[in-house]
Amino acid sequence: MGNKRSHFSKRFRVTVAAASLSLIAAACGSSSSSSSSGSSSSGGTTANTASAPGITATSILLGSHQPLTGPAAPGYSEIAPAAQAYFDYLNAHGGVYGRSITLKYEDDGYNPANTTQVVQKLVLQDNVFGIVGGLGTPTHQAVVNFLNTNKVPDLFVASGCDCWNQPTVHPYTYGFQPDYIIEGKVLGTYIASKYAGMKIGVLYQNDDFGGGGLTGLKQILTGGQIVSAQPYDPTTLTNGLGTQVAALQAAGAQVVVLLTIPAATALALLAMASTGFQPTLLSSSVSADPYTLGGLVSNFSKGKVGASILTGMQTLAYLPAPTDLTDPWTALFKTIHDKYDASQPFDGNTIFGMSMAYYTALAIKAAGQNPTRQSLINAMNTQAGSFTGPGLTPLGYSSTSHLGFLGAEVMQIGASGSLTSTSPIYVTNVNGPVTTHASVEAQVPANLG
Amino acid sequence: MGVEEIDLKAEETKVKKETLIEGGSKLSLKRLIPVPILRNLLLAIVAVVIFFFLSGHLSAYRNYQLSQVGPYVLAILGLSVLIGQNGQISIGHGALMAIGAWSLALLQIHTKLPLGVILLLATLITTAIGGVLGLVAARLRGPYLAGATLALALGVPDIATRYRSLFGGYQGLQINPPSPPAFLGANFTPQQYLAVIDVIVIVIAFIFVANLVNSRIGRDMRAVRDDEIAARLAGISVQRTQVFTFAISSGLAGLGGGLLALVASNVSPGAFSVTLSISLLSGLVIGGIGTMAGALWGAAVMVYVPQWATTLTEKFNMNQGIAANIALAIYGILLIVIVLAAPGGIQGILMRLKGLISGRGRQRATKG
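All of the points below concern the structure found in this document. Once a new chain begins, its residue numbering starts again from 1 and follows that chain's sequence as written. Chain A is the first chain written and ligand 1 is the first ligand written, with later ones labelled in order. A pLDDT threshold of at least 70 governs which residues receive local features in this predicted model, and a stricter bar of 80 or more applies before side-chain atom pairs are shown or counted, although totals over entire chains, interfaces and linings include all residues. Note: side-chain values were computed over all heavy atoms of the structure, leaving out hydrogens and water.

With respect to the packing of helix H13 (residues 348-366) of chain A against helix H14 (residues 373-382) of chain A
Residues and elements named next belong to chain A. Using the following cut-off: To obtain each axis, a line is fitted to C-alpha atoms, and for helices this fit is confined to the stretch in contact; angles are then taken between N-to-C directions over 0 to 180 degrees. Numbering of helices and strands runs from the N terminus; a helix is a DSSP stretch of H or I covering at least four residues, while a strand is a stretch of E covering at least two. Angles are sorted into four bins: roughly parallel if under 35 degrees, roughly antiparallel if over 145, roughly perpendicular if 65 to 115, and oblique for all others. The crossing is said to be left-handed when, going from far helix to near helix, the turn is anticlockwise and less than a right angle, and right-handed when the turn is clockwise. Note on definitions: a residue-residue contact is assigned when non-hydrogen atoms from the two residues lie within 4.5 Å. Ten residue types, Ala, Val, Leu, Ile, Met, Phe, Trp, Tyr, Cys and Pro, are classed as nonpolar, four, Asp, Glu, Lys and Arg, as charged, and the remainder, Gly among them, as polar.
In contact at an axis separation of 8 Å, H13 and H14 are set at 110 degrees when each is read in the N-to-C sense. One finds that H13 runs roughly perpendicular with respect to H14. The interaxial crossing formed by H13 with H14 has right-handed handedness. Along its contact with H13, which presents Ala-363, Ile-364 and Ala-366, the element H14 presents Leu-376, Ala-379 and Met-380. The residue inventory of the contact of H13 with H14, partitioned by class, reads 6 nonpolar, no polar and no charged.

Structure, rendered in structure tokens:
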């Protein structure tokens, strides 16, 4: 794995990972023997109370809507089980202030009409403390008003729409992954530095996701470098993407940027393979997971085309790569996965789900021993901006910004589906300039609770 | 599709029975207020007032579930008038709901009109579009009509993705759910408010349809349904009747779509797939074709069966593949059982039970 990072640092990181894991094991031993006294010692004299909906003295109930079936299910259906696996691990190590966290996730099939129904059920009937990691732009759009009217915390929406960053309109909603405009700007900056003067084609999803990415790209690539931008609708993916790919080829695109969901990426790759079109490929973080893509390519081509078609494609990443087991977080998540989530594959979606769960736990802990919905929001506005964990870039949370990760780095897919960094970490916000930044990835903490 | 013979009078009293608490004697009421429309109005007001107080005792989530039923009641009622009264068919009522829903969304976003006016306008817009479609429909029969309306169900949601800037594309448009006026008190939840709006709208629609089918137009509709040539001989314009019925039926579906937009607080193509149109049709069959109460049962089945199925799969920890399909399976089995065992639908079963209990041996029980 031709990683840019030196062997010394790699070995160092392995050592750190091993050390921190053993610390966790030690913490586990102590917390399981004194789980009842643990809460009182950490919180002084106060006892745990049922301080808010979904919170009892011993438990916290969170909710989420996820595409467990339907067009977006491949890959994404692994996210919520991975998040729950992280919570299971955390619960076994004392939870947060002695409370165990449960994530109740419901299937919405990526259909906004279903999202309304399941989220109303989670909030009104199941009384969840908050919604975390609700997945999808069109789906979450359907419930964002409802959640904010009812003052339900709506953390870490799994969508990079800039619409979640509206603190005055939606004070209870917070983004997580890089805003699609930010992703577009990062891709544009990378192209400007590495593929200057080449003809750029864009395939984008015809909604806030693809549209936002295109806006960001155009902010950087201003001089007519983009020769063709082809939209598609997720509802018509069954028709394939042959028309769009042919148009990009006809326009002479040398670099093609894919602002597409995994299924569309796979279809585009197959369409390119069938016409012998071989541009340099860059994609948004949305379809960054080689494991998911490989499965889709093989599935769509009925086994005729394998994952090798992905080799050389470059994607954006803001979390450690699932194939890089030298990364302490990937190593930790792999052990959690093997213990609590072994029936699911271990890939980028697992990393995403567990990272999301980790930041959720940090936020709930920051909200105090007996959190309320408002204290969670206060913690998000005042403390979450300085949270560190598996994420490579800083987070944008404050009282005036509800942006999540503020950038990404470019990674190249290798022959075995490995991911190798090919760029510095770029950081920006929606309107500001793009700068490079050192990784803010933190050490694995010994014990969260 | 075999059109059920309907005993209109029986069904009308059935609806009234429903809204009135058991024991309220219909005979004395009939003598007390001999004018049907006044009687219907009184019953409607009673029904709304009773529901208003009942809804206060339900949890917000129960009210939300109830408010989900409303849109489908109206769409199925529209189908019921079209198929049961006039013998036309539509596999495109989901698309008409979509037209109503987008009309409401666009009106709410771009104007400051009160909710009642917006709902009325959405209904009128869909009625007008339905009238134009009715011109086409009146020239087609049987499978050709079914095909044409199916094309509608397929095509309309795609218009939304084609003209993204106006209709919002795949993610659709967001709607602010109505918030209850202050005089109802702080404890009056938005869910309860929506449920009450639902019931008011449904009651108005029921009165309208009950009077329509009992009027000359209603008799024309049935005459055309039973024998077009005979109807023409009797001086009835077959085409005009069919177009009119299609327009009215569309209007009801549009009103349902408007309500659906309010309940879902979002209008997006995913909510108006072909599946919706077909579900409406099967909901109509399950509830009972041509009867007004059947629309209530059909809509309730459409909303509650999937939710019960989800609870069931959660309780027994079934895997996702089963969980995603069990509601459809139950729905399908129910449809087959109903068609085989009780062609009159749930309402037909209820009428038969009523006949058995009262021991009067009504003609309905013996007719089948």
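Section: the pattern of salt bridges
Residues and elements named next belong to chain A. Operational definition: A carboxyl oxygen of Asp or Glu within 4 Å of a side-chain nitrogen of Lys or Arg is what we treat as a salt bridge. Any residue under 20% of the maximum accessible area for its type is buried, any over 50% is exposed, and the rest in between are partly exposed; the area is computed with a 1.4 Å probe on protein chains only.
Applying the stated criterion across every chain, the model contains 8 salt bridges over all chains. Linking Lys-121 and Glu-106 is a salt bridge whose minimum nitrogen-to-oxygen distance equals 3.1 Å. Of this pair, Lys-121 sits in helix H5 (residues 112-125) while Glu-106 sits in strand E2 (residues 100-107), and the two are 15 residues apart along the sequence. With respect to burial, Lys-121 and Glu-106 carry one shared label: buried. When the shortest N-O distance is used, the salt bridge between Lys-121 and Asp-126 registers 3.4 Å. Residues Lys-121 and Asp-126 agree in their burial class; the two are buried.

Observations regarding the interface of chain A and chain B
Quite often, the size of an interface is put as the accessible area lost when its parts meet. Just so we agree on the cut-off: When two components associate, each loses some accessible surface as probed by a 1.4 Å sphere; the sum of these losses over both components is called the buried area. For the purposes of these results, a polar contact is taken to be a pair of N or O atoms within 3.5 Å, where, inside protein, one atom must be able to donate a hydrogen and its partner to accept one; residues adjacent in sequence count only when each atom of the pair is a side-chain atom.
Counting residues at the interface gives 27 residues for chain A, matched by 25 residues for chain B. Buried surface at the junction of chain A and chain B, summed over both partners, amounts to about 2400 Å²; 50% is from carbon and sulfur atoms. Three residues, Gln117(A), Leu124(A) and Asn145(A), lead the burial of chain A against chain B; their summed loss comes to 19% of the area buried on that side. Counting the contacts that link chain A with chain B gives 0 salt bridges. The interface formed by chain A and chain B includes 5 residue pairs in polar contact (both at pLDDT 80 or more).

Here we look at the packing of helix H4 (residues 60-86) of chain B against helix H10 (residues 216-226) of chain B
Residue and element names in this part refer to chain B. The N-to-C vectors of H4 and H10 enclose an angle of 60 degrees; their axes lie 7 Å apart at closest approach. Regarding the angle of H4 to H10, the classification is oblique. Contacts between H4 and H10 pair Val-81, Ile-83, Gly-84, Gln-85 and Asn-86 from the former with Met-221, Arg-222, Val-224 and Arg-225 from the latter. Taken together, the residues of the contact of H4 with H10 sort by class into 4 nonpolar, 3 polar and 2 charged.

Points about the pairing of strand E6 (residues 200-205) of chain A
Residue and element names in this part refer to chain A. Which entries qualify depends on this criterion: Strand pairing is assigned whenever DSSP detects at least two bridges linking the two strands. By convention, a crossover is right-handed whenever its connection, traced from the first strand over the helix to the second and viewed with the strands pointing away, goes clockwise.
The buried fraction of E6 is high, at 6 of 6 residues. Every second residue of E6 is oriented toward a common face, with Ile-200, Val-202 and Tyr-204 on one face and Gly-201, Leu-203 and Gln-205 on the other, all of them buried. Note: E6 against strand E7 (residues 226-232), 6 bridges, orientation parallel. Bridge pairing links Ile-200 to Ile-226 in E7. In this fold, the crossover linking E6 to E7 by way of helix H8 (residues 208-220) has right-handed handedness. In the sheet, E6 pairs with strand E8 (residues 255-259) via 5 bridges, with the strands oriented parallel. Looking across to E8, one finds that Tyr-204 is bridged to Leu-259.

Interpretation in functional terms is not warranted from these geometric data alone.
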